[in-house]
Each structure stands twice: as structure tokens, then as C-alpha cells.
Amino acid sequence: SGVSVGSGGILAGTGTAPAVSVASGGTVAPGVAGSGTLTASSVTFASGSNFLVNVSSNSAPTLAVSGAAQLGGTLSVASVDGTYSLGQKLTVLTAAGGISGSFTAAPIASKGAQFASTISTDPNDVFLTINLSKLSPLLPSGVSRNQTNAVAGIDAGLAHGSVPTAAFNGLA
């Protein structure tokens, strides 16, 4: 037997589940408050499903699969404490039986600076890296032209990968 996560359903938290199947519109969100592990014997994410990673400034939860993981759908990121550890490669899914397929990175919602997530994989792991993509939304109205130009220069550097985003850790 297994766990089926249907449209609108969420499998969240820590502990152990048998085989998990996530349908379009369903969500798996391992961990609690940005840490912890949800374990499953296998997992299949359908197109249109969601893998939600609730990170904290210090950690990220993990989905640990003892068998195979079939990826599909979207990997979404949210911060439980309002910050992101920028530039750190976080392991968010491990599968002893290997990984096939891929996730699409969802935009990261923010009321200030803009962030971008990058998903990478190796044969048994899914990694998430969050970087600053635009600082200018943090500028209040009425700032000087010099301030605007300085931040625009930083934004241009970020767009071309020439500014180390780790220098901006703690922004949200």
C-alpha cells in the first residue's frame, strides 16, 4: 500500500511513509519549521504536483527515499523565518534507488529583494541553491539618483553573476 496525495492535498511533516504518489495539484512538504526529514520507500511526482521546501536561515528539510524518486512538477521555496541562506547548496531530496525526471523551479515570493532558486541533481540527490537576483525593490521611494544608480549597478552585477550573493545573507 502507499500514500496518494491528490489535488489540493498535502503530505507534510516528519516521519515515515510507504510509497508516495503525488498527483497534479498535490503537495509534499517535508520537515517542520525548516528542518527535519520525511522518509518514504519511493516517490512519484506527477506533472503539476508541488514539492514545497520550507527553509530557515540555518537549514532545509529533506525528503529521504529508500527506493527510486520520479520527479515532475514544481519545486517551491518558502522561508519559515523570513530569511534565506544565499548561495548555499542545500540537499532537499535523496533517493537511494536513483532519480529520474526533473522539477521546475517556482518563483520565490518576496515583498522586498527578489530571489531566484536553482535546482541541480546528481544520480541520487536534488539540490537547491537560492541567490539574490535583484536588490532594487528594497529601495524606498524618494532615494537619490546616486543611490538608485549604485543599486542598479549591483542588480546588473547580480544578473551577470559577478556579485557574490553570500554577502547579502539575511535579506528577505
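Please read these numbers as outputs of a predicted model, since none were measured by experiment. (Residues numbered from 1 in each chain as written. Predicted model: local features only at pLDDT ≥ 70, side-chain atom pairs only at ≥ 80, totals over all residues. Heavy atoms only, no water.)

Asker: What is the right way to look at the nonpolar core in this model?
Answerer: The tendency in soluble globular proteins is for nonpolar side chains to be buried as a group. One finds Phe45, Phe51 and Leu93 to be the most contacted residues of the largest nonpolar core, which totals 35 residues. The contacts of phenylalanine 51, once residues within four sequence positions are left out, are Val28, Pro30, Phe45, Leu63, Thr74, Leu75, Ser76, Val92, Leu93 and Phe103. (Core = buried A, V, L, I, M, F, W, Y, C linked by side-chain atoms within 4.5 Å. Buried < 20%, exposed > 50% of the residue type's maximum accessible area, 1.4 Å probe, protein only. Contact = heavy atoms within 4.5 Å.)

Asker: How should the sheet that holds strand 16 (residues 125–134) be read in this particular structure?
Answerer: Sheet architecture is open: six strands sit in the order 3-6-9-12-16-15, paired in mixed fashion. The sheet is open, and its two edges are formed by strand 3 (15–17) and strand 15 (114–122), each paired on a single side. Between one strand axis and the next, the sheet turns by 25° as a mean value, whatever way the strands run. With five bridges joining them, strand 12 (residues 89–95) and strand 16 adopt antiparallel strand pairing. Bridging across to strand 16, leucine 90 finds its partner in leucine 128. (Pairing = 2+ DSSP bridges. Helix = DSSP H or I, 4+ residues; strand = E, 2+ residues; numbered from the N terminus. Axes fitted to C-alpha atoms, helices over the stretch in contact; angles between N-to-C directions.)

Asker: Would you take a moment to explain the sheet that holds strand 8 (residues 50–55) for this structure?
Answerer: Picture the strands of a sheet paired through backbone hydrogen bonds; they go either parallel or antiparallel. Strand order across the open sheet formed by five strands is 2-5-8-11-14, with parallel pairing between neighbours. The open sheet is flanked by strand 2 (10–13) and strand 14 (104–105), the only strands paired with a single partner. Where strand 8 and strand 11 (residues 74–79) come together, six bridges link them in parallel fashion. For leucine 52, the partnering residue across the bridge sits in strand 11 and is serine 76.

Asker: Explanation requested: unusual backbone geometry in the structure shown.
Answerer: Outside of glycine, negative phi angles account for most residues, and trans bonds account for most peptide bonds. At alanine 33, a position not held by glycine, the phi torsion is positive, near 55°. Among the secondary structure elements, alanine 33 is positioned in the loop between strand 5 (27–30) and strand 6 (37–40). Judged by its relative accessible area of 59%, alanine 33 falls in the exposed class.

Asker: Help me understand the side chain of serine 56 in this model?
Answerer: If you trace the backbone, serine 56 turns up in the loop between strand 8 and strand 9 (62–65). What serine 56 contacts, discounting residues up to four positions off in sequence, is Ala33, Gly34, Val80, Asp81, Thr83 and Ser85.

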